Structures are given as structure tokens and as C-alpha cells.
Amino acid sequence: MQTPTTLDQLSLKQSAEVVAIDWAAISDNEGRRLRALGIDKGVSVEKLYKGMFGMSDPIALKVGRMMIAVRKSHAKAISVCSIAVTTPA
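Notes on the structure follow. Computed from a predicted model, the values in this text were never measured in an experiment.

About the thresholds
- Residues numbered from 1 in each chain as written.
- Predicted model: local features only at pLDDT ≥ 70, side-chain atom pairs only at ≥ 80, totals over all residues.
- Heavy atoms only, no water.
- Helix = DSSP H or I, 4+ residues; strand = E, 2+ residues; numbered from the N terminus.
- Buried < 20%, exposed > 50% of the residue type's maximum accessible area, 1.4 Å probe, protein only.
- Contact = heavy atoms within 4.5 Å.
- Pairing = 2+ DSSP bridges.

### Considerations on the overall build of the chain
Scanning the chain for helices and strands turns up two helices and six strands. Reading the chain from its N terminus to its C terminus gives the helix and strand order β-β-α-β-β-β-α-β. By the burial criterion, 33% of the 89 residues in the chain qualify as buried. Nonlocal contacts in the chain, meaning residues at least 24 apart in sequence, comprise 61% of its contacts between residues at least 6 apart.

### Topic: the pairing of strand β3 (residues 44-50)
Here strand β2 (residues 15-21) runs beside β3; their pairing, made up of three bridges, is antiparallel. Each residue of the ladder has a partner; that of Glu 17, found in β3, is Ser 44. Direction of pairing for β3 relative to strand β4 (residues 59-63): antiparallel, over a ladder of five bridges. In the sheet register, Lys 47 faces β4, and the bridge partner there is Leu 61.

### Regarding the environment of Ile 83
Assignment of secondary structure puts Ile 83 in the segment after β6 (78-82). The sequence separation of Ile 83 and Glu 46 amounts to 37 residues, and the corresponding C-alpha distance is 9.5 Å. If sequence neighbours within four positions are ignored, Ile 83 has contacts with Gln 14, Ser 15, Ala 16, Glu 17 and Ser 44.

Pasting the structure below:
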């Protein structure tokens, strides 16, 4: 298994699996919102975009068929492991 990194450090267009979330670093209301949007341990995510004009906030993610935006501070609390994407021959 690969060494986990945080979601904010993940490369763009990279898929990963959420391996841990530091819920203590996120407020209760924001944690409920993230769970409602499908962010939890074991979920596959893809980092699509980050903020405009060189900013790194917010970060756009693909979770299932949805695209959501999370703050960089939230992304720092989410540990992920990259998933190797294979294309069919």
C-alpha cells in the first residue's frame, strides 16, 4: 500500500481513496456537510481543479458522479492513497 498523503497535496486529475479523516480539525457543521456529500473513509475521489488565478482554494473534487468543492483547510484533514487508473486495452 502506498504512503498516504493529504487531499490538498494530491495532483490534479489524480484519483485516490480516502483512508482517514481528522474530524477534530473540521467543525461539526462542516463535518456533517462533508458526510452528506459522500466524503468518508473508503470513498474514491478525484481532484479535478483548484482555485483560479494561482489560488489553491477551493478544491473541486469528483465524488461518485458529483462534483463538489471543499476548502483547502478541509482537504488538509483528509488523508488519501492514490489509485492507479488503468485503461482497457
